[in-house]
Amino acid sequence: DAGITQSPRHKVTETGTPVTLRCHQTENHRYMYWYRQDPGHGLRLIHYSYGVKDTDKGEVSDGYSVSRSKTEDFLLTLESATSSQTSVYFCAISESLQGAALATDTQYFGPGTRLTVL
Amino acid sequence: GQNIDQPTEMTATEGAIVQINCTYQTSGFNGLFWYQQHAGEAPTFLSYNVLDGLEEKGRFSSFLSRSKGYSYLLLKELQMKDSASYLCAVRASGGSYIPTFGRGTSLIVHP
């Protein structure tokens, strides 16, 4: 199993509060991703990182920010949580993203964080 | 953009064979992934196809036809533990190369 951990694993918070989720990897992989998973929508990309301090937006980035100050950590922040952000959040990593038939492009997922915003 | 379509739910009997289809429309194709996800757990990688044809890996096989925008995951000798969601993800050429996921197919295996 890829060495990916997420914290916290479960969180309940109130509307309007800031929330930070942490993803930690021990694989020294360059690429890290944050997804949310909701019934009927599948996995949707929020933000991703292609190196320390290098990040970009995904499909559903509104209301979220990220930071990556070290290779091993990728933080997702909900600046002011809303009920629509209740979801399961998955972090993923990959060694590369060459756009070729490389095993190193495969994404490996962390265990997930279940967030409930009341 | 991309459009990925999978059946929402399928049921099958233990010991049988089941085929889970995935159709896609994308501007440029650069690979298709299949993941398995048990309830309450993370997705885990099953297979990757970028060329036409069948890739076999034990009880699981994955097929790709790029001209038809079509893939399937074939599960043989079904076991109860195969009850899970199966996610199809397609990568387009150009852009970020990050795969886009379909909504997943929930497979229920009955005794």
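Our structure's up above, just so we're on the same page.
These remarks concern the structure in this document.

Cut-offs and rules
- Residues numbered from 1 in each chain as written.
- Chains lettered and ligands numbered in written order.
- Predicted model: local features only at pLDDT ≥ 70, side-chain atom pairs only at ≥ 80, totals over all residues.
- Heavy atoms only, no water.
- Disulfide = S-S within 2.5 Å.
- Helix = DSSP H or I, 4+ residues; strand = E, 2+ residues; numbered from the N terminus.
- Buried < 20%, exposed > 50% of the residue type's maximum accessible area, 1.4 Å probe, protein only.
- Pairing = 2+ DSSP bridges.
- Axes fitted to C-alpha atoms, helices over the stretch in contact; angles between N-to-C directions.
- Polar contact = N/O pair within 3.5 Å; in protein donor to acceptor, adjacent residues only side chain to side chain.
- Contact = heavy atoms within 4.5 Å.
- Buried area = accessible area lost by both parts, 1.4 Å probe.
- Salt bridge = Lys/Arg side-chain N within 4 Å of Asp/Glu carboxyl O.
- Nonpolar A, V, L, I, M, F, W, Y, C, P; charged D, E, K, R; others polar.

**A look at the state of the cysteines**
And step 1. Considering all chains together, one arrives at 2 disulfides over all chains under this definition.
And step 2. Two residues share a disulfide in this structure: Cys23(A) and Cys91(A), whose sulfurs sit 1.9 Å from each other. Here Cys23(A) and Cys91(A) share a disulfide; its torsion about the S-S bond, -70°, makes the bridge left-handed. Placement of the pair is Cys23(A) in strand β3 (residues 19–25) and Cys91(A) in strand β9 (residues 87–94), with a sequence separation of 68 residues. Taken individually, Cys23(A) and Cys91(A) each receive the classification buried, so the pair is uniform in this respect.
And step 3. The partner cysteine of Cys22(B) in its disulfide is Cys88(B), sulfur to sulfur 2.0 Å. Of note, the bridge from Cys22(B) to Cys88(B) carries an S-S torsion of about -65° and is left-handed in sense. Within this pair, whereas Cys22(B) is found in strand β3 (residues 18–25), its partner Cys88(B) is found in strand β9 (residues 84–90), the two being separated by 66 residues in sequence. Residue Cys22(B) shares its accessibility class with Cys88(B), and that shared class is buried.

**Comments concerning the sheet that holds strand β8 (residues 73–78) of chain A**
Residues and elements named next belong to chain A.
And step 1. Sheet architecture is open: 4 strands sit in the order β1-β3-β8-β7, paired in antiparallel fashion. Only two strands of the sheet have a single partner each, and these edge strands are β1 (4–7) and β7 (64–70). When strand polarity is set aside, the average angle formed by the axes of neighbouring strands in this sheet is 20°.
And step 2. Summarising the sheet, β3 and β8 pair through 6 bridges and their orientation is antiparallel. Within the sheet, the bridge partner assigned to Leu21 lies in β8 and is Leu76.

**A word on the side chain of Asn49(B)**
Residues and elements named next belong to chain B.
And step 1. As for its position among the elements, Asn49 is in strand β5 (residues 44–49).
And step 2. Polar side-chain contacts of Asn49 include one of 2.6 Å to the side chain of Ser62.
And step 3. What Asn49 contacts, discounting residues up to four positions off in sequence, is Phe29, Gly31, Leu32, Glu55, Ser62, Phe63 and Leu64.

**Side note on the pairing of strand β6 (residues 53–57) of chain B**
And step 1. In terms of strand pairing, β6(B) meets strand β7 (residues 60–65) of chain B through 5 bridges, oriented antiparallel. Bridge pairing in β7(B) links Gly53(B) to Leu64(B).

**Considering the interface of chain B and chain A**
And step 1. Across the contact, 19 residues belong to chain B and 21 residues belong to chain A.
And step 2. With both sides pooled, the region where chain B packs onto chain A buries about 1600 Å², and carbon together with sulfur makes up 61% of that total.
And step 3. Applying the counting rule to chain B against chain A returns 1 salt bridge.
And step 4. Put simply, Arg91(B) and Asp105(A) hold a salt bridge, and the shortest N to O gap is 3.0 Å.
And step 5. Taken together, the connections running from chain B to chain A amount to 4 residue pairs in polar contact (both at pLDDT 80 or more).
And step 6. When residues of the side of chain B that touches chain A are assigned to their parent elements, the largest contribution, 3 residues, is made by strand β4 (residues 32–37) of chain B.
And step 7. Classifying every residue of the side of chain B that touches chain A gives 12 nonpolar, 4 polar and 3 charged.

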